[in-house]
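What follows is each chain in one-letter form.
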Amino acid sequence: METALKTENIEKYFYDPVRFQVLHHVGFEVRKGEFLTMAGKSGCGKSTLLYILSTMDTDYSGKLYIDDQLATGKTLDELARIRNEKIGFVFQFHYLLQEFSCLKNVMIPALRLGKRSVEEIEHKAYQKLEMLGMKEQALKPANKLSGGQQQRVAIARALINDPLIIMGDEPTGNLDSKNTQIVFDIFQELARTNNQTIVAVTHDNDFAKKSDRTIEMLDGRIIN
Amino acid sequence: MSGINSEIAFTYINTNRKLTAVAAMGILLGMAVYIFMNSMMAGFGKMSDDSIFKVSPHIRIFNEQKISQPIATDTHGLSLLVNPKIRNTQNTILNPNRLMDLLKRQKNVSIVTPQVSQNVFFNMGMSQLSVRAVGIVPIEAEQMFSISESMVEGKMENLKHNLNGIVIGSGISEKLSLKIGDNISVLSSKSVSRIFKVVGIFQLNNKKEDDSKAYINLMAAQQLLKENNAYITDINVNTTDAYQAKYIAPQLAALAGYKAEDWETANETLMAASKMRKIIITFVSTTILIIAGFGIYNILNMTVSQKINDIAILKAMGFEGRDVIRIFVTQALVIGMIGVVLGVLVALLMVNLLQKVYIGGDIGYFPIHFEPLKFVQGIVFGLVITFLAGFIPARKAAKVDPVSIFRK
Ligand SMILES: Nc1ncnc2c1ncn2[C@@H]1O[C@H](COP(=O)(O)OP(=O)(O)OP(=O)(O)O)[C@@H](O)[C@H]1O
Ligand SMILES: [Mg+2]
């Protein structure tokens, strides 16, 4: 069994306004091709943990391995490269570049990676948008879309580089049940056939139950 | 990779056209004023140098008058020489023809011409006027000082053909009401009196020169001093590049064994004034360009704050600090480039228009010059300033911590 992601004894404190430990002794492993969900009540530290897993937050103690490589202690530029290549991220609040078209938004991580020609990338971006039912809106600027539409574009963007791990902070938080089902199916498909790994924070019990495994958090600890 | 960075930069420029235009306008004005002021300064400088070259050779070689020194050194604390004085016999140049031949063969030397200067009196009935009579070789002096250009009456030619001819300043002509063809009695310090005929009147618009200078033939000057034709007080030298004169002068001094004074040293006060002017204009024009830089800096700072969300997303997707810097520096440089190009065009237009403005009098056309060097300087300087003005906010953008933005 290959691991996609592993944490060892992660602790994190916030110092403002008072010293406060958000994460206690977090250690778990996610295997490649696994569809993992994280649940827990609001404020228990799910987003904070996800930012650490995504390598964006480096202010913690403990160890983080991505694809069997120690990510902890790497430089910001090295981490940026890991993110670009291996991690696709869907934020809690849809975060698109407002002045760019949906298509361009989806293409940007691949253009940054620079492994394919622009034509290939564009073709691929259309495919991803189609999967999420957003092909018709491809050329619309992002700021002309509804919240749910923006979220679907953000999901398409997270998939563009075929990342090892797709992380989502409530990736379906803005979607109706039909689209939630579509996203769930896409994630499951990616995990089963592409061996891609999904780590998704969710408040949706159904969504969590249907996933391969659910990690439950309480006050910064993994309880299950 | 760099393609996407500039694509993002251009999208920002395009979607914020107003800001871009305002920032570019600032650079445009700064640029135009910088080039314009410097071109004007160059024009003034050239005008002032040109007027100096009408009276000063690039290098003047002469025997400096020294105070007499005792031949033996005193050993008992007694002065061996009481009341030392300048010895007049010393101010000539020995063997001038050989020296002039030698000088002519030096590289960078274009004209070498002898001169004998003396103070004389013009006697005209009751009035007497002290005049500096300069004995010259007319053809060579004409090449050096372009005397013809400032002749208001008569011709330089006539001096060449008439040993008793004299060319006088317009001030002298007024004071003694002398006209072309009039005779004037000249008395030298050696008590030689001789009649000269006015063959030309010059006007340099330099009161000192116009009121007290006269050109005569070299031989006439020597005769007034009761000297033979080997008597030369100055050798005037022009170099191929006037601005090299100060470096060539010491070489010639060593070669000749006499003092060699370059025109910048000879006109110290004028040069000091021009240096002051240069400093002030450079300071003011540079300040203006820097202020324009602050304009870009402000606008880019604003853009960075506006785009802080975008920056966080880009970093989350794997853009490195240097990519973010490139995005914003590209934006600054494009704005800078637009401003610089338009600024140069405006400067060209202003210089062109002013060149055609006739001021009249001694100045003639407005003294402004296309100085390619100043244009290049302005362009380089403008781009460097925009680069810095873009780099500082860009570096700030590169340091944005995405997590702190997403948490908000
Ligand atoms: N920048 C911060 N400084 C101090 N405390 C913070 C900061 N960010 C978050 N916290 C605190 O850390 C805890 C965990 O926050 P986090 O955003 O991870 O919760 P969450 O599980 O994602 O909640 P939600 O389900 O509402 O998104 C909360 O108690 C929150 O108040
Ligand atoms: Mg959260």
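Residues numbered from 1 in each chain as written. Chains lettered and ligands numbered in written order. Predicted model: local features only at pLDDT ≥ 70, side-chain atom pairs only at ≥ 80, totals over all residues. Heavy atoms only, no water.

1. Looking at the sheet that holds strand E10 (residues 221-222) of chain A
Residue and element names in this part refer to chain A.
- On the basis of which strands lie adjacent, the open sheet formed by 6 strands has the order E6-E7-E8-E3-E9-E10 and mixed pairing. The open sheet terminates on both sides in strands that have one partner only, identified here as strand E6 (87-90) and E10.
- Sheet topology note: the E6/strand E7 (residues 165-169) ladder contains 4 bridges and is parallel. Within E7, the position partnered with Gly 88 by the bridge is Ile 166. (Pairing = 2+ DSSP bridges. Helix = DSSP H or I, 4+ residues; strand = E, 2+ residues; numbered from the N terminus.)

2. Considering the pattern of salt bridges
- Summed over all chains, the structure comprises 29 salt bridges over all chains.
- In this structure, the salt-bridge partner of Asp 59 of chain A is Lys 12 of chain A, at a minimum N-O distance of 3.8 Å. Taken together, the positions of Asp 59 of chain A in the loop between helix H1 (46-53) and strand E4 (61-66) and Lys 12 of chain A in strand E1 (residues 3-14) put the pair 47 residues apart, joining distant regions of the chain.
- Here Asp 59 of chain A falls in the partly exposed class, since its relative accessible area comes to 48%.
- On the accessibility criterion, Lys 12 of chain A (3% relative accessible area) is buried.
- Salt-bridge contacts for Asp 162 of chain A lead to Lys 128 of chain A; the nearest nitrogen and oxygen are separated by 3.6 Å. Highlighted residues: Asp 162 of chain A in the loop between helix H5 (147-159) and E7 and Lys 128 of chain A in helix H4 (residues 118-131), separated in sequence by 34 residues.
- Because the salt bridges share partners, they merge into one network encompassing Arg 81 and Arg 112 of chain A together with Glu 320, Arg 322, Asp 323 and Arg 326 of chain B. (Salt bridge = Lys/Arg side-chain N within 4 Å of Asp/Glu carboxyl O. Buried < 20%, exposed > 50% of the residue type's maximum accessible area, 1.4 Å probe, protein only.)

3. Some details on the interface of chain B and chain A
- Taken together, the contacts link 29 residues of chain B with 24 residues of chain A.
- Note on chain B versus chain A: buried area summed over both sides is about 2,400 Å², and carbon and sulfur give 60% of it.
- Three residues, Met 317, Phe 406 and Arg 407 of chain B, lead the burial of chain B against chain A; their summed loss comes to 25% of the area buried on that side.
- Across the contact surface, chain B and chain A share 6 salt bridges.
- Glu 99 of chain A is paired through a salt bridge with Lys 307 of chain B; the nearest N and O atoms lie 2.9 Å apart.
- Along the contact surface separating chain B from chain A lie 10 residue pairs in polar contact (both at pLDDT 80 or more).
- Elements with a contribution of two residues or more to the side of chain B that touches chain A: helix H1 (2-15), helix H12 (308-316), helix H13 (321-355) and helix H15 (402-406) of chain B. (Contact = heavy atoms within 4.5 Å. Buried area = accessible area lost by both parts, 1.4 Å probe. Polar contact = N/O pair within 3.5 Å; in protein donor to acceptor, adjacent residues only side chain to side chain.)

4. Brief notes about the site of ligand 1
- The local shell around ligand 1 holds 14 residues, among which Ser 42, Gly 43, Lys 46, Ser 47 and Thr 48 of chain A are the closest.
- Positioned at a junction of chains, ligand 1 has nearby residues supplied by chains A and B.
- A distance of 2.8 Å separates an oxygen atom of ligand 1 from a polar atom in the side chain of Lys 46 of chain A.
- In the environment of ligand 1, an oxygen atom lies 2.5 Å from a nitrogen or oxygen atom belonging to the side chain of Thr 48 of chain A.
- About the coverage of ligand 1: the protein hides 68% of its 630 Å² of free accessible area.
- For the shell around ligand 1, the elements supplying multiple residues, two or more each, are strand E2 (20-31) and H1 of chain A.
- Its residues assigned to classes, the shell around ligand 1 comprises 4 nonpolar, 7 polar and 3 charged. (Near = heavy atom within 4 Å. Areas by Shrake-Rupley, 256 points an atom, 1.4 Å probe, with all protein chains shown as cover. Nonpolar A, V, L, I, M, F, W, Y, C, P; charged D, E, K, R; others polar.)

5. Topic: the nonpolar core
- Judged by nonpolar contacts, the single largest core of 116 residues is most densely connected at Leu 53 of chain A together with Phe 328 of chain B.
- Sort the elements by how many residues they give to this core and H13 of chain B lands first, with 10 residues.
- With near-sequence residues (within four places) excluded, Phe 328 of chain B lies in contact with Tyr 12, Leu 300, Thr 303, Val 304, Lys 307, Ile 311, Ala 394 and Ala 397 of chain B.
- Membership of the second largest hydrophobic core comes to 48 residues, among which are Leu 103, Val 120, Leu 225 and Ala 260 of chain B. (Core = buried A, V, L, I, M, F, W, Y, C linked by side-chain atoms within 4.5 Å.)

6. Here we look at the packing of aromatic side chains
- For the structure on display, the rule yields 21 aromatic pairs over all chains.
- Judged by centre distance (5.1 Å) and plane angle (35 degrees), the ring pair of Phe 35 of chain A and Phe 184 of chain A falls under tilted. Here the residue Phe 35 of chain A occupies a position in strand E3 (residues 35-39), and Phe 184 of chain A occupies one in helix H6 (residues 177-194), the gap between them amounting to 149 residues.
- Judged by its relative accessible area of 3%, Phe 184 of chain A is buried.
- Consider the rings of Phe 184 of chain A and Phe 207 of chain A, whose centres lie 5.2 Å apart with planes at 85 degrees: the pair is edge-to-face. Taken as a pair, Phe 184 of chain A in helix H6 and Phe 207 of chain A in helix H7 (residues 205-210) lie far apart in primary sequence, 23 residues in all. With respect to class, Phe 184 of chain A is no different from Phe 207 of chain A; both count as buried.
- A network of ring pairs unites the aromatic residues Tyr 51, Phe 89, Phe 91 and Tyr 95 of chain A together with Phe 406 of chain B as a single cluster.
- Over the aromatic face of Phe 62 of chain B sits the side chain of Arg 60 of chain B, whose NZ or CZ is 3.9 Å from the ring centroid. (Phe/Tyr/Trp six-rings, centres within 6.5 Å; stacked < 30°, edge-to-face > 60°. Lys NZ or Arg CZ within 6 Å of the ring centre and 35° of its normal.)

7. A closer look at unusual backbone geometry
Residues and elements named next belong to chain A.
- Residues Asp 16 and Pro 17 are joined by a peptide bond in cis, for which omega reads 0 degrees.
- You will see that Thr 55, though not glycine, has its phi angle at about 75 degrees, which is positive.
- If you trace the backbone, Thr 55 turns up in the loop between H1 and E4.
- Residue Thr 55 is classed as buried on the basis of its relative accessible area, which comes to 3%.
- Positive phi values are uncommon outside glycine, yet Asp 67 reaches one of about 55 degrees.
- Counting through the fold element by element, Asp 67 comes out in the loop between E4 and strand E5 (69-70).

8. Some details on the UniProt feature "transmembrane region" (unreviewed entry) in chain B
Residues and elements named next belong to chain B.
- Residues annotated by UniProt as "transmembrane region" (unreviewed entry) correspond here to residues 19-37, 279-300, 327-354 and 375-394.
- As a span, residues 19-37 carries 100% helix and 0% strand, and end to end its C-alpha atoms are 27 Å apart.
- Measuring from the first to the last C-alpha atom of residues 327-354 gives 40 Å, for a span that is 100% helix and 0% strand. (UniProt positions renumbered as here; feature names shortened; annotations may be inferred.)

9. Quick look at the environment of Gly 181 of chain B
All names here are of chain B.
- Along the chain, Gly 181 falls in the loop between helix H6 (170-175) and strand E6 (183-187).
- Taking relative accessible area as the criterion, Gly 181 reaches 32% and is therefore assigned partly exposed.
- Taking the C-alpha atoms as reference points, Gly 181 and Ser 150, 31 residues apart in sequence, are found 19 Å from one another.
- Those residues within four positions of Gly 181 in sequence are excluded, and the remaining contacts are Lys 197 and Val 198.

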